[in-house]
Amino acid sequence: TGPVQCGGYLDRPSKQRTLDALFLDDVVVFNGHGNTDRIQNLVGAPVTALDVLDRGGTEEARARFVFLKCCLAANVFAPALVVSGAECVVGFAGPTDASETGWIEFMHCLCDQGMTVDEAVAHMRRFDPAWDFEGESCVCVSGCGARGLSEAVSSTHLTRPTLYTV
């Protein structure tokens, strides 16, 4: 593995840039729109689970942590990322909206408090009803939730995470 290719903040990236980040970056936070089998922003073409699986057939995703802050992405899209090599993917199984601010607290738990993904999700389940696994907007974790974000990104090749917006 080598250094990440994208990194930084990408404002409404193209479909290709989104796929590149999912396969080449270590940490990806996608804040956009989703459906059971796709994620997208307001201007780009959607990236589908099939797109991920197609690329995963020729290249393994290097992402160590992906947070899909968009509706329904945990259902089909997130598992496609895990099958393609992403180590840990967190996403909403139900609908969510811009007023859902728990993801900021979730990232604070990971980045500032050093919690593992499982610990951060458990924390969120206690303090934010939208993160309740029994609720409509349940959050699902695929992959290595027992690892912390700092452990997941401790590679000497990690430069910076990718953050998306809509």
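For the structure itself, consult the block above.
Residues numbered from 1 in each chain as written. Predicted model: local features only at pLDDT ≥ 70, side-chain atom pairs only at ≥ 80, totals over all residues. Heavy atoms only, no water.

Any chance you could explain unusual backbone geometry here in plain terms?
For residues that are not glycine, phi is negative in most cases, and the peptide bond is trans in most cases. The phi angle at L72 is positive, at roughly 60°, despite the residue not being glycine. By relative accessible area, L72 is classed as partly exposed at 23%. (Buried < 20%, exposed > 50% of the residue type's maximum accessible area, 1.4 Å probe, protein only.)

How should the sheet that holds strand β3 (residues 33–35) be read in this particular structure?
Backbone hydrogen bonds are what pair the strands of a sheet, in a parallel or an antiparallel way. Strands sit in the order β3-β4-β5 across an open sheet of 3 strands; the sheet is antiparallel. In the strand order of this sheet, the two ends are held by β3 and β5 (47–48), each with one partner. Pairing analysis gives 2 bridges linking strand β4 (residues 38–40) to β5, with the strands arranged antiparallel. Considered in β5, the bridge of I39 is made with V47. (Pairing = 2+ DSSP bridges. Helix = DSSP H or I, 4+ residues; strand = E, 2+ residues; numbered from the N terminus.)

Even after reading the chapter, I still don't get the nonpolar core, so can you show me in this structure?
Most often, soluble globular proteins have nonpolar side chains that are buried together. Ranked by internal contacts, the top residues of the largest apolar core, which has 21 residues, are L22, I39, V52, V66, L68, F77 and L81. Counting only elements with at least two residues in this core, the list comes to α1 (15–24), β2 (27–31), α2 (49–56), β6 (65–69) and α3 (77–83). In terms of residue count, the dominant contributor to this core is α3 (4 residues). Beyond its immediate sequence surroundings of up to four residues, L22 is in contact with V28, I39, A61, A63, V66, F77 and L81. (Core = buried A, V, L, I, M, F, W, Y, C linked by side-chain atoms within 4.5 Å. Contact = heavy atoms within 4.5 Å.)

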